[in-house]
Amino acid sequence: MHEAAALRPGPGLRLLTGGFLAFWLVLAAFPLLWIVVMSFKLPIDALAANPLAVVFGPATRAARGGIGLFDLALVVGVGLGAIRAVRVLKRSMSRPVALAVVAVGALLVAVLVVPPLAAALRAIPGLGALGTPFIGATLEHYRAVWFGHGFHRNFVNSLIITAGVVTVSLTVGTLAGYALARTGSRLAFWLLITALIFRALPHSVLVAGYLPPFLNSHALLMPLWQAPVLGDLLQLAAKEPPTLYGQPLAIILVLVSINQPFTIWMLRSFFQTVPTELDEAARVDGCTHGEAFRRVIMPVMWPGVITTGLFSFLLAYNDYLVCALLLDAQSQTMVPAITQFFNRETTSTDQIEAIAAAVSITAPLFLLVMVFQRQIVAGLTAGAVKG
Amino acid sequence: MSDAMKPRTFFLFVGPSLALMLVFIAIPLVSVFVQSFHVEQPVYRQVETERCTPGFPAPICTKETRTASVIGADGRPVTQRVFVGFDTYRVLLAPERLAAAFAPGGGGWRALLTIDFYKALRFTLTFTLITLPLVIGLGLAIAIAVDSVVQSLRGPIIFVSLLPFIITPVIGALAIRWLFVGDGILTRAIEFFLERDIAVFAQGWSIELLMLFYRVWHVAPFAFVVFYAALQTVNQDSLDAALVDGASRFERLRYVILPHLAPLIAFVALIHLMDAYRVFDEVIGFSSEAHVISLQWLTFHYLTPEGSADRSIARASASAMLTMVGIVLLLVPLLRRTWREHRRLESQH
């Protein structure tokens, strides 16, 4: 009893801690919140001197309308409903699945049900005053970015690259991670140390090595295509040798390889938490290492695999350097493509469009943290705790 | 029962990963090494032309030889690879200008930092070394603060704290830049307090300050999560013992909690060292290339075709090799420690 009291901080210290935490939270969230707010406003409001004008957007409201009390109430209603739905669904399915189902459901409700409902409520006489918008908001910058400037193409490219990287990375990585966790050989130690050094390499060093062969791959691979037997086989797959520069498939392999050192370290540390008795039991029952891996180890490894997959996703999704140098304009992903907006910030509309593009890139990441917070925390600590 | 894998099985499992790392990491490294000693140049040949002007009794003819580049069948100049030794490195490192800068009256550091490579090296090193203690300090402070907060608030706090970490680096840098660029909201706020006009993006030091701030903001959550997880495993018995001995709150932090966190502080420092040395996205996000550049940006710059100038692969390769030497030098002490630890563990078995 006495000890617990002594451990409890005094009021002064509690105030200090609380103040510091509040300061950090504002620091962490403010830049992101602010660009979200700006992206819905006309330039005159978004770049206004008065912060209140940026938040409420009087000029945007006058010119384009905005959100009223009704809309706000509906949003809050959908939000509360979503939280309730997650609680109910969590009983019958895992948390990430439940969150994903609810997210899709809420989106459908917000797009299909809310607008007609809001219009109907506004039509009721006497209630109209409550429906008048008081926060200005417009979607025109998003429309301009996604459809006017073809950002949807970059989105599809990003989707292809990240999906490819996550799939290949995990397939190759789990095999290697398992073997590295289950062997005591000296070779494995050296492999891991080499991987650690590879992880430290700046990516531009590697890209300097890829660029010349990627640009000339047509000529470089020609002998293979003209070889007697192999050449015929290759010609079945592709008439001519490919130019790897600008090929999403080649970039997927590049990103997988760059990320491989990190992936095998992380998966190895997850595999080490799976007791060896499990595969020993399977081996006693007559399984080979391959079967033990597939039937016994993988089913209990899913949390670790999902966590590692998240980090592979982040690497591929956030990459600027490799994609900017090795992809051409047609196959460009979202992050490098955004430079075309902020490099020609000549008018204030350009700047707000760049901000809308930035928010579009961030939104999926926001959802990711919401759904997978626990797995991300597990991943950050996995490497550390096991060393 | 020793269940060690047979070498054959081990290689079957590790094979695909090994092959990828060999083809896409090891071989490119070798080829960058080779490229840094060669340059691609057009092939020239001597063309002899005879020019005649009418004259009497015979036309006056002059013969002259010119050099012209050889045009290939595809209409482009034919190029060949020439071994140039350390020439490209000499262009980058500019030893003559280095010597001139430190000769009497040469301008010293100021003159040195006009050379791109030294400018990039200076920024990369100061960036790495300044952010390191800040990241660890801030991460530790948040971890200790969150550890003293009621359980129900911790989830939401971790959620908000993860946002700066998870965000795309270029986008995060842009988000902070937009607060300050031109008449951004925070520039206006600072002007209001200072009562004079400021331009954050007009000089190097203020951009550099923002870049440092951005990196600490971006990485501190990672340090926080690692330290926070470790705080949950602090041995309660040693805390109680310290309490019985009359240790103050600070003493408990200094003598019980920090030693417990020491290996993790080393881990975060190692990861941060590797990542901060690669600083690149900040240069793009803040468009700082006119004032502040980093080593990795320098290689990127040489690899980007600009206007009529083609990519200069040789320079990029040389600057890539120099960048790599730098990170190896930074890592050697850490790797030697790991190796000694490994030997120690092995001799115990």
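See the structure shown above.
Throughout what follows, the structure given in this document is the object of discussion. (Residues numbered from 1 in each chain as written. Chains lettered and ligands numbered in written order. Predicted model: local features only at pLDDT ≥ 70, side-chain atom pairs only at ≥ 80, totals over all residues. Heavy atoms only, no water.)

Re the state of the cysteines
All names here are of chain B. Within the structure shown, the criterion is met by 1 disulfide over all chains. Through a disulfide, Cys-52 is tied to Cys-61; the S-S separation comes to 1.9 Å. Looking along the S-S bond of the Cys-52-Cys-61 disulfide, the torsion reads about 105°, which is the right-handed sense. (Disulfide = S-S within 2.5 Å.)

Let's talk about the pattern of salt bridges
Residue and element names in this part refer to chain B. Under the counting rule described, the total for this entry stands at 6 salt bridges over all chains. A salt bridge links Asp-87 to Arg-90; the nearest nitrogen and oxygen atoms lie 3.3 Å apart. Placement of both Asp-87 and Arg-90 in helix 2 (residues 87-93) is noted, with a separation of 3 residues, approximately one turn of the helix. Given the relative accessible area of 38%, Asp-87 is considered partly exposed. The exposure class assigned to Arg-90 is partly exposed, which follows from its relative accessible area of 44%. One salt bridge connects Arg-215 with Glu-282, and the closest N-O pair in it is separated by 2.7 Å. Taken together, the residues span a long stretch of sequence, with Arg-215 in helix 9 (residues 204-231) and Glu-282 in helix 12 (residues 281-285) at a distance of 67 residues. (Salt bridge = Lys/Arg side-chain N within 4 Å of Asp/Glu carboxyl O. Helix = DSSP H or I, 4+ residues; strand = E, 2+ residues; numbered from the N terminus. Buried < 20%, exposed > 50% of the residue type's maximum accessible area, 1.4 Å probe, protein only.)

What to know about the packing of helix 2 (residues 11-39) of chain A against helix 9 of chain B
Axis separation between helix 2 of chain A and helix 9 of chain B bottoms out at 11 Å; the angle between their running directions is 115°. When the interaxial angle is binned, helix 2 of chain A and helix 9 of chain B end up roughly perpendicular. With respect to the hand of their crossing, helix 2 of chain A and helix 9 of chain B are arranged in left-handed fashion. Along the contact surface, helix 2 of chain A presents Trp-24, Leu-27, Ala-28, Pro-31 and Leu-32 of chain A, while helix 9 of chain B presents Phe-213, Trp-217, Ala-220 and Pro-221 of chain B. (Axes fitted to C-alpha atoms, helices over the stretch in contact; angles between N-to-C directions. Parallel < 35°, antiparallel > 145°, perpendicular 65-115°, else oblique. Left-handed = near helix turned anticlockwise from the far one by under 90°. Contact = heavy atoms within 4.5 Å.)

Some thoughts on the interface of chain A and chain B
Of the residues lining the interface, 102 residues belong to chain A; the matching set on chain B comes to 96 residues. With both sides pooled, the region where chain A packs onto chain B buries about 8,800 Å², and carbon together with sulfur makes up 79% of that total. Between Arg-199 of chain A and Asp-275 of chain B there is a salt bridge, and its shortest N-O distance comes to 3.5 Å. (Buried area = accessible area lost by both parts, 1.4 Å probe.)

Observations concerning the pairing of strand 2 (residues 44-53) of chain B
Residue and element names in this part refer to chain B. Burial analysis of strand 2 places just 1 of its 10 residues in the buried class, a small minority of the element. Here strand 2 runs beside strand 3 (residues 60-69); their pairing, made up of 10 bridges, is antiparallel. Counted as the bridge partner of Glu-48 is Thr-65 from strand 3. Taking the residues between adjacent antiparallel strands as the criterion, strand 2 and strand 3 are bridged by 6 residues. (Pairing = 2+ DSSP bridges.)

Looking at empty space enclosed by the protein
Scanning the entire structure with this criterion turns up 2 cavities of 30 Å³ or more. Its boundaries defined by the atoms lining it, the largest cavity holds a volume of some 60 Å³. Surrounding the largest cavity, Trp-34, Met-38, Ala-46, Leu-47, Ala-48 and Val-54 of chain A together with Trp-178, Asp-183, Gly-184 and Ile-185 of chain B form its lining. Its residues assigned to classes, the lining of the largest cavity shows 8 nonpolar, 1 polar and 1 charged. Approximately 30 Å³ is the volume found for the second largest cavity. Every residue lining the second largest cavity is listed: Leu-32, Thr-362, Leu-365 and Phe-366 of chain A together with Leu-163, Ile-166 and Ile-167 of chain B. Elements with a minimum of two residues in the lining of the second largest cavity: helix 21 (348-386) of chain A together with helix 6 (151-166) of chain B. Looking at the lining of the second largest cavity, its residues break down into 6 nonpolar, 1 polar and no charged. (1 Å grid on protein atoms, 1.4 Å probe; cavity = no way out; pocket = protein on both sides within 12 Å on 5 of 7 lines; lining within 4 Å. Points joined across faces, edges and corners; volume = space filled by probe spheres on them. Nonpolar A, V, L, I, M, F, W, Y, C, P; charged D, E, K, R; others polar.)

What about the packing of helix 16 (residues 276-284) of chain A against helix 17 (residues 289-318) of chain A?
All names here are of chain A. Relative orientation of the contacting elements helix 16 and helix 17 amounts to 140°, with a least axis distance of 9 Å. On the basis of their axis angle, the class for helix 16 and helix 17 is oblique. Crossing handedness for the pair helix 16 and helix 17: right-handed. Listed contacts from helix 17 to Leu-278, Asp-279, Ala-282 and Arg-283 of helix 16 are His-289, Ala-292, Val-296, Ile-297 and Val-300. Each residue belonging to the contact of helix 16 with helix 17 can be placed in one class, and the counts come to 6 nonpolar, 1 polar and 2 charged.

Describing unusual backbone geometry
Even without being glycine, Ser-287 of chain B reaches a positive phi, approximately 45°. Looking at the secondary structure, you find Ser-287 of chain B in the loop between helix 12 and helix 13 (295-303).

A short note on a nonpolar patch on the surface
Residue and element names in this part refer to chain A. On the surface, a nonpolar cluster with roughly 740 Å² of combined accessible area is contributed by Val-104, Leu-107, Leu-108, Val-109, Val-111, Leu-112, Val-113 and Leu-117. Tracing the chain through its elements places Val-104 in helix 7 (residues 95-123). Under the relative-accessibility criterion, Val-104 is labelled exposed at 52%. (Patch = residues over 30% accessible without salt bridge, like charges linked within 9 Å, V, L, I, M, F, W, Y side chains within 5 Å. Areas by Shrake-Rupley, 256 points an atom, 1.4 Å probe, with all protein chains shown as cover.)

Some details on the environment of Ala-173 of chain B
For Ala-173 of chain B, the position within the fold is in helix 7 (residues 169-180). Here Ala-173 of chain B is in contact with Tyr-214, Gly-285 and Phe-286 of chain B, once residues within four sequence places are set aside.

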